[in-house]
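Understanding the architecture of this molecule
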Amino acid sequence: MAHWGMFSAQARDGEVVAVQPYAGDRDPSPILGNIPGSVRHRARIAGPAVRRGWLENGPGPSTRRGDDEYVAVSWDELTEILAGELQRVKDRHGNRAIFGGSYGWSAPGRFHHAQSQVHRFLKMFGGYTRSVHSYSLGATGVIMPRVLGTHWKLFARSTSWEVIARETDLMVCFGGIPLKNTAVNDGGTSDHPTRDALERMRARGGRIVSFSPIRSDMHGEHEWLAPRPGTDVAIMLALAYVLATEGLADREFLDRYCTGYDRFEEYLLGRTDGVPKTPEWAATLSGLPAGTFVDLARRMARGRTLVSVTWSLQRVRHGEQAPWAGVTLAAMLGRLGVPGGGFGHGYGSMNEPGLAPVPYPLPTLFQGNNDVADFIPVAAISDLLLRPGEQFDYDGQRPTFPDIRLVYWAGGNPFHHHQDIGRLRRALRRPDTIVVHDPYWTAMAKHADIVVPSTTALERDDLTCTRNDPLLVAMQAAVPRFADARDDYDTFTALAHRLGFGETFTEGRTSRQWLEHLYEQWRGFVLADDRRVEDPPPFEDFWYGGPVRMRTEDDLTLFEDFRSDPDGHPLRTPSGRLEIFSADIDSFGYDDCAGHPTWYEPDEWLGSPRAERFPLHLIANQPATRLHGQLDHGSVSQTSKIRGREPIRMHPDDAAARGLESGDIVRVFNDRGSCLAGVVVDDGLLPSVVQLATGAWYDPLDPSDPGSMCVHGNANVLTPDVGTSSLSHGCTGQHVLVDVERFDGELPPIRAYDPPVVRQR
Ligand SMILES: Nc1nc2c(c(=O)[nH]1)N[C@H]1C(S)=C(S)[C@@H](COP(=O)(O)OP(=O)(O)OC[C@H]3O[C@@H](n4cnc5c(=O)[nH]c(N)nc54)[C@H](O)[C@@H]3O)O[C@H]1N2
Ligand SMILES: Nc1nc2c(c(=O)[nH]1)N[C@H]1C(S)=C(S)[C@@H](COP(=O)(O)OP(=O)(O)OC[C@H]3O[C@@H](n4cnc5c(=O)[nH]c(N)nc54)[C@H](O)[C@@H]3O)O[C@H]1N2
Ligand SMILES: [Mo]
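None of these values were measured; they are calculated from a predicted model.

What to know about the site of ligand 1
- Residues in close proximity to ligand 1 total 35 residues, the closest being H417, D438, R460, D488 and N716.
- For ligand 1, a nitrogen atom lies 3.0 Å from a polar atom in the backbone of A620.
- One nitrogen or oxygen atom from the main chain of G733 is found 3.0 Å from a nitrogen atom belonging to ligand 1.
- Relative to its unbound accessible surface of 920 Å², ligand 1 loses 97% to contact with the protein.
- Elements with a contribution of two residues or more to the shell around ligand 1: α16 (414-417) and β15 (433-438).
- When its residues are assigned to classes, the shell around ligand 1 shows nine nonpolar, 22 polar and four charged.
- The residue makeup of the shell around ligand 1 includes at least three contributed by each of domain 2 (44-129 + 402-509) and domain 4 (609-742).

Focus on the pairing of strand β22 (residues 647-650)
- Summarising the sheet, β22 and strand β24 (residues 674-681) pair through four bridges and their orientation is parallel. Residue M650 lies in a different strand from β24, and its bridge partner there is V681.
- Strand direction decides the pairing type here: β22 and strand β25 (residues 689-692), joined by three bridges, are antiparallel. Among the inter-strand pairings, M650 is bridged to a residue of β25, identified as V690.

Observations concerning the sheet that holds strand β21 (residues 616-619)
- Taking strand neighbours around the barrel as the criterion, the six strands line up as β21-β25-β22-β24-β23-β26 in a closed arrangement whose pairing is mixed. Across the sheet, the mean angle separating the axes of adjacent strands is 45° when strand polarity is ignored.

Thoughts on empty space enclosed by the protein
- Inspection of the entire model under this criterion finds four cavities of 30 Å³ or more.
- When its volume is computed, the largest cavity comes out at roughly 60 Å³.
- Forming the boundary of the largest cavity are N413, F415, H416, T442, A443, G629, G695, A696, W697, Y698 and N714.
- When its residues are assigned to classes, the lining of the largest cavity shows five nonpolar, six polar and no charged.
- Each of two domains, domain 2 (44-129 + 402-509) and domain 4 (609-742), supplies a minimum of three residues to the lining of the largest cavity.

Things to note about the domain arrangement of the protein chain
- In terms of domains, the protein chain is made up of domain 1 (1-37), domain 2 (44-129 + 402-509), domain 3 (139-353 + 564-588) and domain 4 (609-742).
- On a C-alpha basis, the centres of domain 2 and domain 3 stand 39 Å from each other.
- Each side of the interface is counted separately: domain 2 has nine residues, and domain 3 has 13 residues.
- At the boundary of domain 2 with domain 3, total buried surface from both sides reaches about 850 Å², with 49% on carbon and sulfur atoms.
- On the domain 2 side of the contact with domain 3, W105, R467 and N468 bury the most area, a combined 59% of that side's loss.
- Our count for the domain 2 to domain 3 interface comes out at one salt bridge.

The rules we used
Residues numbered from 1 in each chain as written. Chains lettered and ligands numbered in written order. Predicted model: local features only at pLDDT ≥ 70, side-chain atom pairs only at ≥ 80, totals over all residues. Heavy atoms only, no water. Near = heavy atom within 4 Å. Polar contact = N/O pair within 3.5 Å; in protein donor to acceptor, adjacent residues only side chain to side chain. Areas by Shrake-Rupley, 256 points an atom, 1.4 Å probe, with all protein chains shown as cover. Helix = DSSP H or I, 4+ residues; strand = E, 2+ residues; numbered from the N terminus. Nonpolar A, V, L, I, M, F, W, Y, C, P; charged D, E, K, R; others polar. Domains from an automatic or database assignment. Pairing = 2+ DSSP bridges. Axes fitted to C-alpha atoms, helices over the stretch in contact; angles between N-to-C directions. 1 Å grid on protein atoms, 1.4 Å probe; cavity = no way out; pocket = protein on both sides within 12 Å on 5 of 7 lines; lining within 4 Å. Points joined across faces, edges and corners; volume = space filled by probe spheres on them. Contact = heavy atoms within 4.5 Å. Buried area = accessible area lost by both parts, 1.4 Å probe. Salt bridge = Lys/Arg side-chain N within 4 Å of Asp/Glu carboxyl O.

Below you can see the structure in the form of structure tokens.
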């Protein structure tokens, strides 16, 4: 199983040579094609290594990270060195000086999951400064619990694709429903139903409207409306304005199920700020005609309308507003909790929304408690390292950034996920020690002092399942361990023994015994359920006998229970209702997140003064050809590149204005940084919008210079490192203003996948 689907692998000489998608998958992801050849790729880390400067000079801040040689060490030496350094930092600075947020997707698997392993290990070592929420849903994760009393239910218990296919008349999609993204689900997936569901909905006469600067965010027949990026909240407000002023808002629903609509309406009508949020007002901002909004609002009020907001819309400045305004619009239509109507958040962002959940707890590795209370919002990593001792705003609190001495990363890649890489590199100079576990020499591994080679999921036994998939699956190793790589569990086991808590960490179990233990615990839950689909067999039979099928809760409608009985099933908000106005948020007094959905002008958009210097709006979205940076060297990802560079799509007018054609290499730049990319001319983009997916491995022309041009096309050298707002400080990497010019110089070679120099001692 990969995060992007279930498969069987064919192996030869320690390498996967072919993969076959699971026969039960209706629409297997092409990304599976990146797997063959990945185990023995030259980018693999062959054995433990320590950065020369660190080994010679000891721990301390360094400008050599990312530009130094490594020295190969034995596993025993690695354990000795790493355990010693962990102990030193703990004794001298306390556990809060260890940053173990370690964000990232790593690989599926309920046991070997790197995040679970590293957090369990660090908790047992006495704790660490952690990170909260995700790059995926940084704004949603804070705002939606305040507005709806939950955020995970929005995805895990979303209205199912079956119900949409059967009942929805009109689906209005902000951010489209990009099929490319439904490839992926955290933990894996055995089926991809989105394409089929949308086709069935259309065949029944359902209509789809896609608001997106990019046409391919929706496949098949639909109405494409391309607003200026970043103006969706203004559009939602204009639609709400039409509903409010034409008597189309469902007052009964708003009174019974919501709180604060009147406060919001004062703002909507312009009584509080003198600006009525009319269709004409939104037309000026979005570039779409006002009449479109009037017509659409009337159509939305007629049938079963589902308002869908992709996660990308909250990965921008003021990202809290789009999901909040979206659910407010759905509430005004009065159809929350009605089959086929209401609100969706994340259709087309991930495979999970629309899939039926399983009613059982999943097999879970117990984590223990973290004795350190300090935390950061996950996207504040550079701030954390650059601003020790300073206070920051977060969700009504004023926490302080601790002084971090040791950064521990296992299973993630900040050079993939974080914004403003130049700033990140300056931040990574600060700590005494950086530890990275990864199977590959990613840019993060090349910035580590202590490099720990991990196995990939293909080299170890595990089991996996997710909360919205019927199958519990045995993931059998396809190939032996590569070179001197180790499972993260084995690395942590050796460290824990050396640090005196080996027995607590392992509970006396080998990996295989852990799998059996987790499975049998879970089997108990299923056997206790008298509506189970099948009796899960004992571990050995499961291991050799194929996946176990679980019961699923089919035909769900989001908030159906709340609608049918608002007093018996209140939302977990202060009022028990949907908070269109939140007194708590209002009381924080933030100037970038008021008490009700609000239009804020973004810092970087086509309407800002900055656009005079950088006139193209870059969408830095998820790659169609891989998961993030993972397997960027795989054949599907490589085939999409242009002379080795990541493709940048641009409108024919923008290309012509710069004398560019498909296949040209360009320099993409702003005042934060620059990268090379290969042009693909595409009329499916709004003019003045360009698109460059994330995930090309960072490849600096001059590794000694934090601000160096990336010769490969990593969009995060360009993106701003600012949070969504004082409320949530979520990631805002989706949008940035840039310009593009032809690159006529000699093309520098791609070195991203080359290991650094590793000397034997
Ligand atoms: N500009 C911009 N930036 C973005 C986004 C955006 O929209 N725009 N999106 C953001 C989002 S939503 C996300 S989720 C992040 C994703 O960011 P990440 O999750 O950090 O990216 P990945 O490339 O998936 O990193 C996972 C790493 O784990 C490693 N790995 C795999 N298996 C194992 C294992 O068993 N053990 C160990 N130790 N390591 C393993 C892989 O080799 C890889 O290097 O990016 C964010 N960044
Ligand atoms: N193939 C593949 N699938 C993935 C991933 C991957 O790496 N590869 N990553 C997974 C992860 S971790 C996550 S969190 C999800 C993320 O899911 P999303 O954040 O929803 O995904 P994106 O592709 O970044 O953005 C979706 C679309 O939103 C559109 N968009 C951007 N800005 C605007 C705007 O201002 N207005 C409107 N109307 N539309 C806009 C873009 O054209 C973009 O294609 O994807 C998941 N799926
Ligand atoms: Mo994500």
